[in-house]
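One-letter residues, chain by chain:
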Amino acid sequence: MFYFPSLLFATLSFYPNMLIAGIVPHEWGNESILGVLYPLFATYFLIYMVIAWIIIGYNSTKASGLYKIQLLYILWGTFISSLFGAYFNLYLILTGIYQYIWVGPNCSVIFVAIIAYAITKHDLMDIRLVVTKSVAIIITL
């Protein structure tokens, strides 16, 4: 049930005029003509992000030690990157400003940088285990 809205919006993206009605090229880039359901998609995205922040924040309050530090890095990484991404890819688009749409996807670099720091300094993932599994998968293929 939790995945139904995601499946719905993924399916709707294949139908014209639902999420994106068209593209208008400009000298500064492309302007998207929003479909009738784009505001609903923006609402869905924001609700899911807030739910994710609440779940991670709640789990971090119950955790302790290294696990708490790891959860806080994940929380701040997702919060900062998705806040900037939502501003450039949802808010500005809904207000008709398209010149800065290219900034939104680049905000994921913030998330990657914070998670990379957490991996290297706070053992977010056991890198040796990931490398071992990756090599085993490659050998199997």
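Residues numbered from 1 in each chain as written. Predicted model: local features only at pLDDT ≥ 70, side-chain atom pairs only at ≥ 80, totals over all residues. Heavy atoms only, no water.

(A) Local environment of the pairing of strand β2 (residues 29-34). Pairing analysis gives six bridges linking strand β1 (residues 20-26) to β2, with the strands arranged antiparallel. Paired with His26 across the bridge in β2 is Gly29. The antiparallel hairpin formed by β1 and β2 contains two residues in its connecting segment. (Pairing = 2+ DSSP bridges. Helix = DSSP H or I, 4+ residues; strand = E, 2+ residues; numbered from the N terminus.)

(B) Expanded view of the side chain of Ser82. Along the polypeptide, Ser82 turns up in helix α3 (residues 65-94). Among the polar contacts listed, one links the side chain of Ser82 to the backbone oxygen of Thr78, at a separation of 2.3 Å. Beyond its immediate sequence surroundings of up to four residues, Ser82 is in contact with Met49 and Trp53. (Polar contact = N/O pair within 3.5 Å; in protein donor to acceptor, adjacent residues only side chain to side chain. Contact = heavy atoms within 4.5 Å.)

(C) Highlighting the layout of surface pockets. Roughly 210 Å³ of internal volume is contained in the largest pocket. Secondary-structure elements contributing two or more residues to the lining of the largest pocket are α2 (38-62), α3, α4 (103-106) and α5 (108-122). Ranked by residue count, the leading element in the lining of the largest pocket is α3, at six residues. Broken down by class, the residue content of the lining of the largest pocket amounts to eight nonpolar, six polar and no charged. (1 Å grid on protein atoms, 1.4 Å probe; cavity = no way out; pocket = protein on both sides within 12 Å on 5 of 7 lines; lining within 4 Å. Points joined across faces, edges and corners; volume = space filled by probe spheres on them. Nonpolar A, V, L, I, M, F, W, Y, C, P; charged D, E, K, R; others polar.)

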